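# Notes for the structure review
Residue strings, one per chain:
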Amino acid sequence: MSCAIEQAKLAEQADEVPIGAVIIHNNQVIAKAHNQTIMNHDATAHAEICCIRAAGKHLKNHRLIGTTLYVTLEPCIMCYGAIVQARIERVVFGAADPKNGVFSQPKLLEQCIFNHTPKFTVGIQADTCGTLLKDFFANRR
């Protein structure tokens, strides 16, 4: 998670919402990314999506079997869809996102039937991840 937090700080330095992501395969970092929605003029350039794209290129495969995604904020439904399509085995996230997070909306997942269900670990370094976001938005107001 520390590496994902470093990526979130890079996002903040670029005036992006400070969210970072890292993908691990065979105990090695194979991809890391941060939010790039503003700089790329791309609503889909969330940290998770950018990281999934980089990992696919690294593995030369659109399926990321046996990987773990670490992300500083709970994934949204778009990112969850990409996680499912990529067949990421496990997702570890820090801060919860009550408004947009896929796990904070349990009825959403109850209604969906997916062909893959990743394992999830929640709340890792949640305070640090949450503080990055709170401070970022407090400074913008």
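Our structure is the block above this text.
Quick look at the structure, then. All of these numbers come straight from a predicted model, not from anything done at the bench.

### So, the overall build of the protein
Within the protein, the secondary structure is distributed over 5 helices and 5 strands. Starting at the N terminus and ending at the C terminus, the protein contains elements arranged as α-β-β-α-β-α-β-α-β-α. On C-alpha atoms alone, the protein measures out to a radius of gyration of 14 Å, which is about the 14 Å that the 2.2 N^0.38 rule sets for 141 residues. By residue count, 44% of the 141 residues in the protein fall in the buried class. Across the protein, contacts joining residues at least 24 apart in sequence account for 58% of those joining residues at least 6 apart. Total accessible area computed for the protein in this model is approximately 7,700 Å², and 51% of it derives from carbon and sulfur atoms. Of note, the protein has its 14 positive side-chain charges centred 6 Å away from the centre of its 12 negative side-chain charges.

### Some details on the side chain of His34
Checked against the element boundaries, His34 lands in strand E2 (residues 28–34). For His34, a relative accessible area of 13% translates into the label buried. Setting aside its immediate chain neighbours within four residues, His34 contacts Gln7, Leu10, Ala11, Ile19, Gly20, Met39, Ala45, Ala47 and Cys50.

Rules used throughout
- Residues numbered from 1 in each chain as written.
- Predicted model: local features only at pLDDT ≥ 70, side-chain atom pairs only at ≥ 80, totals over all residues.
- Heavy atoms only, no water.
- Helix = DSSP H or I, 4+ residues; strand = E, 2+ residues; numbered from the N terminus.
- Rg over C-alpha atoms; globule rule 2.2 N^0.38 Å.
- Buried < 20%, exposed > 50% of the residue type's maximum accessible area, 1.4 Å probe, protein only.
- Contact = heavy atoms within 4.5 Å.
- Areas by Shrake-Rupley, 256 points an atom, 1.4 Å probe, with all protein chains shown as cover.
- Lys, Arg positive; Asp, Glu negative; His and termini not counted.
- Charge placed at Lys NZ, Arg CZ, Asp CG, Glu CD.

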